[in-house]
Amino acid sequence: MENQGLRKCLHVVLVPAPLQGHISPMLQLGDVLHSKGFSIIVAHTIFNSPNPSNHPEFIFLPISDNLSDHDTSPGNLLALFKSINKNCEEPLRQSLAHIMHQQELGDRVVCIIYDQIMYFSEAVASHLKLPCMNFRTISASFALAYKEIPRLLAEGYIPRQNSMLQDLVPGLFPLRFTDMPTDIGSLEDVIENMELSINTRNYSAIIWNTVDHLEQTALAQFLQPRPVQLFSVGPLHKMASPSSTSLLEVDTSCISWLDKQAPRSVIYVSIGSLAFMEEKELTEMAWGLASSGQPFLWVVRTGSECDSEWKLLPKGFKETIGERGCIVKWAPQRKVLAHDAVGGFWSHCGWNSTLESLSEGVPMICWPCLGDQKVNARYISHEWKVGQQFEHELERNAIKQAIRGLMVNKEGENTRQNAMDIMEKIRFSVNKEGSSYNSLNGLAEFISSFQLSK
Ligand code: UDP
């Protein structure tokens, strides 16, 4: 469709999963599709609903989710996904049927784009005779590792004795068994969730928040057993407008603190929206940061039972660090990583954090905790070589050495240079005629073609 104006009457329905690391890339995808002329409807659960005032250009459609406190309690992700898929199908079907019925002449819902976790959307699309597309907010390398679990089970490689966890996984270099996502639930639940969310189903296309040159080999594995249209359009945050996608209140005061620090001197510490540090780990991290000699910006999330992050940190720490440290409950992370003062990222290696760091040339210390993070960490440290994995117990001396090793000492030189090289390649891919730029245009044409084929 040549005339972007004509797309305004084409409504694309987005169904994000209600977790920070999933909502952000979906809203960014909405933003770039909106910039291509489409109208956007965001169908979201009541739990962790996005803030509509940050996106006045979208229509927000709350979907009743009937989730219990047990479903939404931390550390219960597979159960949460199961309940959402059980509870939300009928409400989404009814809401969309209502919208489609009410639409004015010329306006059309053209397709549903759903997060891989929200697989119930496929049945809704099929009922309403709409094409649907699967949006992946995880790395292709992780999805591939996940997809291979049944094969490894059938070939007797898993479950694996603890003494053999460091062995390389056949066919999945550079992953070791210890990196595999087999510990996010019982093996039975893990495989069931994988079958439902990752395996090829009835969608018309896969949209992936990744970059071709980073994950070409893994991406190619998803073109089988049946060829499917695949659009790698990442990192989306580099193409979307900077509007906030945060579920939590962002403390922007750290930016003026960063403005006062020397270039590339600050280590930024954040472990995302789901992982937590134990009290003992917080104490070791605090003293490790203090003795590293580097200025640091640390995100310390407090649970609802604690109103101040300082209550979680050791006595005397605040006085010791003075102005050399800045601690916030939630940072404007993308801005932080793009700031000249930041020279290293102590990260849990969630896929968004990974893309955000790679995009700004910030080398990482990888401290993965759960889910996809161990796979991402292994790729960061052993494939792209833009980070170093921290595999010791969290202990102050080891923390100090890891930070100095990455940011100051000669041993980190190659890692720092590799991070800059990857940043350049990512910039190239999102600029005019780059792979993600072209893929996004291809996606817009593909969506427009649904209108024509009707
Ligand atoms: N994030 C943020 N402020 C913080 C910490 C994290 O805005 O203080 C954002 C970060 O930029 C990323 C998301 O939260 O986009 C976390 O997603 P990720 O996939 O990295 O990890 P998850 O939270 O899913 O474990």
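See the structure above.
What you are looking at is a predicted structure, and each value in this text was computed from that prediction instead of being measured.

## Remarks on the packing of aromatic side chains
Per the stated rule, a full pass over the model turns up 13 aromatic pairs. Between Trp351 and Trp384 the ring centres are 6.2 Å apart and the planes differ by 45°, which places this aromatic pair in the tilted class. Within this pair, whereas Trp351 is found in helix α14 (residues 351–359), its partner Trp384 is found in the loop between α15 (373–382) and β13 (387–389), the two being separated by 33 residues in sequence. Assigned by exposure class, Trp351 and Trp384 land together as buried. Through a chain of ring-to-ring contacts, the aromatic side chains of Trp287, Phe296, Trp298 and Phe317 assemble into a single cluster. The residue whose ring lies beneath Lys36 is Tyr437, and the NZ or CZ to ring-centre distance is 5.9 Å. A cation over an aromatic ring shows up here: Lys147 above the ring of Phe222, its NZ or CZ 5.4 Å from the ring centre.

## A short note on the site of the ligand
Close to the ligand lie 17 residues; Ser273, Ala331, Asn352, Ser353 and Glu356 are nearest. One of the backbone N or O atoms of Ala331 is found 2.7 Å from a nitrogen atom in the ligand. A distance of 2.9 Å separates an oxygen atom of the ligand from a polar atom in the side chain of His348. Protein contact buries 93% of the 540 Å² of open area that the ligand shows by itself. Among the secondary structure elements, those contributing two or more residues to the shell around the ligand are α1 (20–35), β8 (266–270) and α14. Element by element, the count of residues in the shell around the ligand is highest for α14, at four residues. Among the residues forming the shell around the ligand, the class breakdown is five nonpolar, 11 polar and one charged.

## As for the sheet that holds strand β2 (residues 39–45)
Ordered in space as β3-β2-β1-β4-β5-β6-β7, the seven strands form an open sheet in which the pairing is parallel. Single-partner strands in this sheet number two, and they are β3 (59–63) and β7 (229–232). When strand polarity is set aside, the average angle formed by the axes of neighbouring strands in this sheet is 25°. Alignment of strand β1 (residues 10–15) against strand β4 (residues 108–115), held across six bridges, turns out to be parallel. Its bridge partner being in β4, His11 is matched across the sheet by Val109. Across the face of the sheet, helix α4 (residues 89–102) comes into contact with β1, β2, β3 and β4 while running at roughly 145° to β3.

Calculation rules
Here the residue numbers are simple positions, counted from 1 along each chain's written sequence. Given that the model is predicted, a residue must reach a pLDDT of at least 70 before its local features are reported, and side-chain atom pairs must reach 80 or more before they are shown or counted; all residues, however, enter totals for whole chains, interfaces and linings. Computation of side-chain values covers all heavy atoms of the structure but excludes hydrogens and water. When the centres of two rings from Phe, Tyr and Trp lie within 6.5 Å, Trp using its six-membered ring, the rings pair. Their planes under 30 degrees apart give stacked, over 60 give edge-to-face, and anything left gives tilted. A run of H or I in DSSP becomes a helix once it reaches four residues, and a run of E becomes a strand once it reaches two; helices and strands are each numbered from the N terminus. Exposed residues in this analysis have more than 50% of their type's maximum accessible area, buried residues have under 20%, and partly exposed residues fall in between, with area computed by a 1.4 Å probe over protein chains only. To sit over a ring, a charge needs its Lys NZ or Arg CZ within 6 Å of the ring centre and within 35 degrees of the ring normal. By convention in these notes, a residue is near a molecule or strand provided one of its non-hydrogen atoms lies within 4 Å of it. The term polar contact refers here to a pair of N or O atoms within 3.5 Å; inside protein, the definition further demands a hydrogen-donor-capable atom paired with an acceptor-capable atom, and it admits residues adjacent in sequence only when both atoms are side-chain atoms. Using a 1.4 Å probe, accessible areas were evaluated by the Shrake-Rupley method; residue-level cover was limited to the displayed protein chains. In this classification, the charged set is Asp, Glu, Lys and Arg, the nonpolar set is Ala, Val, Leu, Ile, Met, Phe, Trp, Tyr, Cys and Pro, and all remaining amino acids, among them Gly, are polar. For two strands to be treated as a pair, DSSP must find no fewer than two bridges joining them. Helix axes are fitted to C-alpha atoms over the stretch in contact, other axes to C-alpha atoms as well, and angles between N-to-C directions run from 0 to 180 degrees. Here, residues are in contact when the closest pair of their heavy atoms is within 4.5 Å.

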